[in-house]
Amino acid sequence: MHDFKDVEPRNRILELPESIRVLLAKDGLDRDPDEACGALFGRLSPEVITVDSYMPLTNMAENPRHTFTFDPAEWVRCCYTSGLIGIFHSHPTSPPLPSISDMEGLQHFGGLLSLYLIGSKFPANGGAIQDEMPPGTPDGFLLNAYAIARRSNGSYFLENLIMSY
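Every value quoted in this text rests on a predicted model; they were computed, and no experiment measured them.

Calculation notes
Residues numbered from 1 in each chain as written. Predicted model: local features only at pLDDT ≥ 70, side-chain atom pairs only at ≥ 80, totals over all residues. Heavy atoms only, no water. Salt bridge = Lys/Arg side-chain N within 4 Å of Asp/Glu carboxyl O. Helix = DSSP H or I, 4+ residues; strand = E, 2+ residues; numbered from the N terminus. Buried < 20%, exposed > 50% of the residue type's maximum accessible area, 1.4 Å probe, protein only. 1 Å grid on protein atoms, 1.4 Å probe; cavity = no way out; pocket = protein on both sides within 12 Å on 5 of 7 lines; lining within 4 Å. Points joined across faces, edges and corners; volume = space filled by probe spheres on them. Nonpolar A, V, L, I, M, F, W, Y, C, P; charged D, E, K, R; others polar. Phe/Tyr/Trp six-rings, centres within 6.5 Å; stacked < 30°, edge-to-face > 60°. Arc of directions from axis to C-beta. Contact = heavy atoms within 4.5 Å. Pairing = 2+ DSSP bridges. Axes fitted to C-alpha atoms, helices over the stretch in contact; angles between N-to-C directions. Lys, Arg positive; Asp, Glu negative; His and termini not counted. Polar contact = N/O pair within 3.5 Å; in protein donor to acceptor, adjacent residues only side chain to side chain.

(A) Quick look at the pattern of salt bridges. Under the definition given, this model contains six salt bridges. Across the pair Arg21 and Glu18 runs a salt bridge whose closest N-O atoms are separated by 3.6 Å. Pair noted here: Arg21 and Glu18 are both in helix H1 (residues 18–30), with a separation of three residues, about one helical turn. Relative accessible area serves as the criterion here: at 37%, Glu18 is assigned to the partly exposed category.

Right under this line is the structure:
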């Protein structure tokens, strides 16, 4: 596997099959009001990240409505499975944007992965829908995709990916 974490930020593409997007949305909506979480498997190239499969993982967090912690045994199995490229989790009550705790956690595992997906229902606060849903949300589930990258000081950050279904 290649390591593309030290590359300069650029417009990279995430190829996410519609069938995987549907699985992510179903997992996120089914586990609401708790955060859903899981592992993403696929392939990497310098320009394209391709997701081939998704494995839901048990959220063992003390407060699963506001954070996620993978079941350790399930996570270890994922780490020894070929093609592990990233993780997914949902934000049941907020938009699919990285939180402070997401960014803190990224510093611990950023070196292992290349892809970070966050999803949430639309609208994230559960209020009435005033406008049409954004494109790509036929089921009311927003999904944002980020590449994990490393700064010269060794810290990890997230850069937006362009999603292709």
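Anyway, onward from the coordinates.
(B) Seen up close, empty space enclosed by the protein. Tallied over the full model, the rule gives one cavity of 30 Å³ or more. Taken as a whole, the largest cavity encloses approximately 40 Å³ of empty space. Considering the residues around the largest cavity, the lining is formed by Gly28, Leu29, Asp32, Ser90, His91, Pro92, Ser120, Lys121 and Phe141. At the level of elements, H1 and strand S5 (115–121) are the ones that each hand at least two residues to the lining of the largest cavity. Here the residues of the lining of the largest cavity are counted per class, giving three nonpolar, four polar and two charged.

(C) Quick peek at the packing of aromatic side chains. If you walk through the whole model with that rule in mind, you get five aromatic pairs. Three or more aromatic residues link up through ring pairs in this structure, and these residues are Tyr54, Phe88 and Phe141.

(D) Molecular detail of helix H2 (residues 72–79). Within the span of H2, buried status applies to Glu74, Trp75 and Cys78. Considered in projection along H2, the buried side chains sweep an arc of 95° and stay on one side of the axis. Turned more than 90 degrees away from the buried face of H2, the exposed residues are Pro72 and Arg77. The inward-facing, buried residues of H2 abut strand S2 (37–44), strand S3 (48–57) and strand S4 (84–90).

(E) Region of interest: the sheet that holds strand S6 (residues 141–150). The strand order across the open sheet formed by eight strands is S7-S6-S5-S4-S2-S3-S1-S8, and the pairing between neighbours is mixed. Looking at which strands have only one partner, the edges of the open sheet turn out to be strand S7 (156–160) and strand S8 (162–164). Going from strand to strand, the sheet's axes swing by 35° on average, the running direction of each strand aside. By the bridge criterion, three bridges tie strand S1 (residues 13–15) to S8 in an arrangement that is parallel. Bridge assignment links Ile13 to a residue of S8, and that residue is Ile162. The sheet strands contacting H1 are S2, S3, S4, S5 and S6, and the helix crosses S3 at an angle near 35°.

(F) Layout of the side chain of Arg12. As for its position among the elements, Arg12 is in the segment before S1. Within the buried core, Arg12 has no salt-bridge partner, and the shortest N-O distance to an opposite charge, that of Glu159, equals 4.7 Å. Within the structure, the side chain of Arg12 is placed 3.2 Å from the backbone oxygen of Pro46, a separation counted as a polar contact.

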